[in-house]
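Working through the structure, step by step
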Amino acid sequence: QVQLVESGGGLVQPGGSLRLSCAASGSISSIYAMGWYRQAPGKQRELVAGITSGGSTHYADSVKGRFTISRDNAKNTVYLHMNVLKPEDTADYYCNTDRIPLYKWGQGTQVTVSS
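Criteria and cut-off values
Residues numbered from 1 in each chain as written. Predicted model: local features only at pLDDT ≥ 70, side-chain atom pairs only at ≥ 80, totals over all residues. Heavy atoms only, no water. Salt bridge = Lys/Arg side-chain N within 4 Å of Asp/Glu carboxyl O. Helix = DSSP H or I, 4+ residues; strand = E, 2+ residues; numbered from the N terminus. Buried < 20%, exposed > 50% of the residue type's maximum accessible area, 1.4 Å probe, protein only. Pairing = 2+ DSSP bridges. Polar contact = N/O pair within 3.5 Å; in protein donor to acceptor, adjacent residues only side chain to side chain.

A few words now on the pattern of salt bridges. The full count for this structure, using the stated rule, is five salt bridges. With a shortest N-O distance of 2.8 Å, Arg66 and Asp89 are connected by a salt bridge. A residue pair is termed long-range when its members are at least 10 positions apart, and Arg66 in the loop between β6 (57-59) and β7 (67-72) and Asp89 in the loop between β8 (77-82) and β9 (91-97) qualify at 23 residues. Both residues of the pair, Arg66 and Asp89, belong to the buried class. Linking Asp98 and Arg99 is a salt bridge whose minimum nitrogen-to-oxygen distance equals 3.9 Å. You can call Arg99 exposed: its relative accessible area is 57%. A single salt-bridge network, built from bridges that share partners, covers Arg38, Glu46, Arg66 and Asp89.

Listed below in structure tokens is the structure:
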């Protein structure tokens, strides 16, 4: 069973940047598209970005142009580069397979955007 461990969150001022990492304890199947999700307090978890095994990406409109998803299959790691952060980006961030989560959720990493 693959275990997902997210890291890289923290407190950042509006306009700042963070890079999140998602490391898998097992091998992330290279055929699976992977995604980053987030859940803000009192809201449902939402998909913000996804990347296929071939490197094609998609983004939620709310983060398009500011966030970049990437993956390193050799390291079993998925990244989310977040720029021009806004207070509304405040949430717990998780990774899993894209669109349909197949793995057990990790503990997530908290991102707080505040001055």
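Let us now look at the pairing of strand β4 (residues 34-39). Burial analysis of β4 places five of its six residues in the buried class, the great majority of the element. The pairing of β4 with strand β5 (residues 46-51) spans five bridges and is antiparallel. Paired with Gly35 across the bridge in β5 is Gly50. Adjacent in sequence and paired antiparallel, β4 and β5 are bridged by six residues, among which Gly42 carries a positive phi angle near 80°. Note: β4 against β9, six bridges, orientation antiparallel. Each bridged residue has a counterpart across the sheet, and for Arg38 the counterpart in β9 is Tyr93.

With that out of the way, let us pick up the environment of Lys64. Residue placement: Lys64 occurs in the loop between β6 and β7. A polar contact is formed between the side chain of Lys64 and the side chain of Asp61, at a distance of 3.1 Å.

For the rest of this paragraph, the subject is the side chain of Thr97. Inspection of the secondary structure puts Thr97 in strand β9. The exposure class assigned to Thr97 is buried, which follows from its relative accessible area of 2%. There is a polar contact of 2.7 Å between the side chain of Thr97 and the backbone oxygen of Ile100. A polar contact is formed between the side chain of Thr97 and the backbone nitrogen of Leu102, at a distance of 2.7 Å.

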